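Chain and residue survey
Here's the letter readout for the chains.
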Amino acid sequence: MELSIIGSGYVGLVTGACFADVGHSVVCVDNDPKKVETLQAGKVPIYEPGLEEVIHRNVSAGRLRFTGSIKDGVDNSQVIFIAVPTPQQPSGEVDLSFIEKVAREIANVLTDYRVIVDKSTVPVKTGEKVAESIKRYNRHGAEFDVVSNPEFLREGCAVADLMHPDRIVIGAQSDKAIDLMKKVYEPFMAPMLVTDINSAELIKHAANSFLALKISYINAVSSICDASGADIEKVADGIGMDRRIGRSFLHAGIGYGGSCFPKDIAAFIKISEQLGVPFDLLKEVQRINAAQRERFLKTIRDTLWVLREKKIAVWGLTFKPDTDDIRSSVAVDLVAEMLREGAHVVAYDPKGMDNARSVAAIAKAELAPSALAAIEGAEALVIATEWSEFANVDLALLKEKMATPIVFDGRNLFDPKTMARLGFHYHSIGRASAKPR
Ligand code: NAD
């Protein structure tokens, strides 16, 4: 089939590449001329495991191309996917101006029947607004259908998630649109759930809120472990072995961040308020998330006493491993806070360094060329992102290179007993702190 994707970022680009990889002919549109130029020159502007290979394979096969023109996309596709940003406004509400602009732009150039699919994460009832907007600006009176098809990919394994999704949710009201959407997704051989548009939109916010709730739940339990001497990893194993609960998303840490969870939870809270059914449970999820980060900072302060002029190494800047994305990263917030308190922060991240350079709040941090270079002479190490590179480090060498072997592990990468045996002061989440033996 001929498909276009409007917005070629973390979602649009991976979706476009994977659609091409199963045999569709795809044109990816973006209004950032630099991004389009980069893509046309054969370079990939984001890091996502396996993505570069899929893009090159499909560009070479003539199934994938890039353009700055929405008209090009609309003219040359039966189904148009919208994957533009839906950022959070200061009020917590979603900024839908990107979606509205694209809807207008599509309407202006629409001449024949098209299915217009919203893949961006949007509040329930946005589909109705998109349809109204297209109708209003539809200069040629062309027929169209609006569909909601929320995306559930995880950055860091987006290609695998796109190729092998748990489910495809299709929110639509016309059989013609449903048939075309089924044809788009047939090659993926994944379970499909067809719903009305409102339900599809709601599924995405409800799913992300539930995942965030699961994270905050285990983080709240980790506080109780800290206070009682229980071990959060064992407790999470014990809970997670119950198939009704499952072990995933029960990893205690310094809280969720990233470009989706914080804004999607804030949006769901706003949506529920606007609908007159406040979802206050989610406010507690937010509170626990913020408190978890504060608790971690308090441990750092309590241990080091004063941060000013101390050399603190930070491993990890991205909001999770295997991505270069540092948007709303807890790691970045931690670095910013330690800099504010006068620490000399030396940070390292395997893929997030380029993006980190442009963040004003952490401009004073020194960026080290490697994990070991960052800890040279450090008075403490903060582990903020669970990259496997960090988990596999030579711990004896780490201790040798540090000025004082104090580790604050926000991701529970190491075994406290091993750390104590090796001579570290080791603080992690929901597990007893370890002192050198
Ligand atoms: P992104 O910022 O990485 O990409 C968005 C792209 O849209 C950018 O390249 C931008 O230049 C382009 N764009 C903006 N306005 C445009 C316009 N008028 N015409 C053409 N292109 C335009 O964002 P993202 O992370 O891909 O997220 C996109 C949407 O998908 C959001 O709603 C997000 O919540 C949702 N989502 C994201 C993820 C994720 O993990 N990143 C997962 C699921 C859903």
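In what follows, the accompanying structure is described. Here the residue numbers are simple positions, counted from 1 along each chain's written sequence. Selection of residues for local features in this predicted model requires a pLDDT of at least 70, selection of side-chain atom pairs for listing and counting requires 80 or more, and totals for whole chains, interfaces and linings are taken over all residues. To obtain the side-chain values, all non-hydrogen atoms of the structure were used and water was disregarded.

What follows covers the site of the ligand. One heavy atom within 4 Å of a molecule or strand makes the whole residue count as near it. Residues in contact with the ligand amount to 26 residues; listed here are only the nearest, Asp30, Lys35, Thr86, Glu155 and Lys263. One of the backbone nitrogen or oxygen atoms of tyrosine 10 is found 3.1 Å away from an oxygen atom of the ligand. Backbone polar atom of valine 11 to an oxygen atom of the ligand: 2.8 Å apart, as the coordinates give it. Residue-level accessible areas treat just the shown protein chains as cover; the underlying method is Shrake-Rupley with a 1.4 Å probe. Look at the ligand: alone it shows 830 Å² of surface, and the protein chains cover 92% of it. Across the shell around the ligand, the residue classes break down as 10 nonpolar, 8 polar and 8 charged. How far each domain reaches was decided by an automatic or database domain assignment. Viewed by domain, the shell around the ligand spans two of them, domain 1 (2–195) and domain 2 (204–279), each represented by three or more residues. Polar contacts, as counted here, are pairs of nitrogen or oxygen atoms within 3.5 Å of one another; within protein the pair requires one atom able to donate a hydrogen and one able to accept it, and residues that are adjacent in sequence qualify only if both atoms are side-chain atoms. Amino acids are sorted into nonpolar (Ala, Val, Leu, Ile, Met, Phe, Trp, Tyr, Cys and Pro), charged (Asp, Glu, Lys and Arg) and polar (every other residue, Gly among them).

With that out of the way, let us pick up the nonpolar core. In this description, a nonpolar core means a group of buried Ala, Val, Leu, Ile, Met, Phe, Trp, Tyr and Cys residues linked to one another through side-chain atoms lying within 4.5 Å. Relative accessible area decides the class of each residue, using a 1.4 Å probe on protein chains only: under 20% of the type maximum gives buried, over 50% gives exposed, and in between gives partly exposed. Membership of the largest hydrophobic core comes to 62 residues, with the highest contact counts inside it found for Trp315, Met338 and Leu381. The helix and strand labels rest on DSSP assignments: H or I over at least four residues marks a helix, E over at least two residues marks a strand, and numbering proceeds from the N terminus. Broken down by element, this core gets its largest block of residues, 8 residues, from helix α13 (residues 330–340). Counting contributing residues, this core receives three or more from each of domain 2 (204–279) and domain 3 (286–427). Contacts of leucine 381, omitting those with residues within four sequence positions, involve Ala313, Trp315, Ile375, Leu398, Met402, Ile406, Val407 and Phe408. If you look at the next biggest cluster of nonpolar residues, it comprises 43 residues, including Ile5, Tyr113, Leu153 and Val184. Note on contacts: a residue pair qualifies if any of its non-hydrogen atoms lie within 4.5 Å across the two residues.

Once that is clear, we can look at the packing of helix α12 (residues 281–304) against α13. Inter-axis angles, ranging from 0 to 180 degrees, are taken between N-to-C directions of lines fitted to C-alpha atoms, where helices are fitted over the stretch in contact. Axis separation between α12 and α13 bottoms out at 11 Å; the angle between their running directions is 40°. Comparing their axes, α13 and α12 come out oblique. For α12 against α13, the interelement crossing comes out right-handed. Between α12 and α13, the residues in contact are Arg293, Phe296, Leu297, Ile300 and Arg301 and Val330, Asp333, Leu334, Glu337 and Met338, respectively. Looking at side-chain class alone, the contact of α12 with α13 contains 6 nonpolar, no polar and 4 charged residues. An angle counts as roughly parallel when it lies under 35 degrees, as roughly antiparallel when it exceeds 145, as roughly perpendicular when it falls between 65 and 115, and as oblique in every other case. The sense of a crossing depends on the near helix, which, turned anticlockwise from the far helix by less than a right angle, makes the crossing left-handed and, turned clockwise, makes it right-handed.

Further remarks concern helix α10 (residues 232–240). The complete set of buried residues in α10 reads Ile232, Ala236 and Gly240. For α10, the arc enclosing every buried residue in end-on projection is 65°, short of the 170-degree limit, so these residues lie on one face. Buried residues in α10 make contact with α9 (197–228). With a side-chain oxygen positioned 2.8 Å from the backbone nitrogen of glutamate 233, the residue opening α10 is aspartate 231. The arc under discussion is defined with respect to the helix axis, by the directions toward the C-beta atoms.

Time to look at the pattern of salt bridges. We count a salt bridge whenever a side-chain nitrogen from Lys or Arg sits within 4 Å of a carboxyl oxygen from Asp or Glu. Going through the model one piece at a time under the given rule, you end up with 28 salt bridges. In this structure, the salt-bridge partner of lysine 283 is glutamate 273, at a minimum N-O distance of 3.4 Å. Of this pair, lysine 283 sits in helix α12 while glutamate 273 sits in helix α11 (residues 261–274); the two residues are 10 residues apart in sequence, bridging distant segments of the chain. For lysine 283, a relative accessible area of 38% corresponds to the partly exposed category. Through salt bridges with shared partners, one network takes in Lys270, Glu273, Asp280 and Lys283.

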